[in-house]
Amino acid sequence: MQQAQFAEKGYFEVVGGDTGRQYRIYPGAMTNVCELDEKGRPKVGLCFLPLGELPIGDVMLSQKIALESCETGALAVARRFAPTGYSFRRSRLLG
């Protein structure tokens, strides 16, 4: 489902394992995650990534796994920012 969503929309959504909140992950290695509001709109931007230099796809996968399996820990280290139209555009390149 996430693979099809990514192919169609250029992002994929995950559910936080601790709170059940919805998150959207866009292509990118930072400033590419947002928490969604009740209507599916970006509510707050989140910036967190694994240590080391990894390909963007691996960073996105680690963000997905972190939100699903240790959401509280990921949120504890994430820097928050106000989402804008530019932050989460489909035209951001994957690679």
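Since the model is a prediction, treat every value here as computed from it, not as a measurement.

Definitions and cut-offs
Residues numbered from 1 in each chain as written. Predicted model: local features only at pLDDT ≥ 70, side-chain atom pairs only at ≥ 80, totals over all residues. Heavy atoms only, no water. Helix = DSSP H or I, 4+ residues; strand = E, 2+ residues; numbered from the N terminus. Buried < 20%, exposed > 50% of the residue type's maximum accessible area, 1.4 Å probe, protein only. Contact = heavy atoms within 4.5 Å. Areas by Shrake-Rupley, 256 points an atom, 1.4 Å probe, with all protein chains shown as cover.

Draft legend 1. Spatial organisation of the overall build of the protein chain. When you go through the protein chain residue by residue, the secondary structure sums to three helices and five strands. Ordered by position from N to C terminus, the α and β elements of the protein chain give α-β-β-β-β-α-α-β. Going through the 95 residues of the protein chain one by one, you find that 37% of them count as buried. Long-range contacts, defined here as pairs at least 24 residues apart, represent 53% of the contacts in the protein chain between residues at least 6 apart. Accessible surface for the protein chain amounts to roughly 5800 Å². Of this, 57% is attributable to carbon and sulfur atoms.

Draft legend 2. Layout of the side chain of Glu35. Tracing the backbone through its elements, the reader meets Glu35 in strand β3 (residues 33-36). Excluding residues that lie within four positions of it along the chain, Glu35 makes contacts with Arg21, Gln22, Tyr23, Arg41, Pro42, Lys43, Val44 and Leu46.

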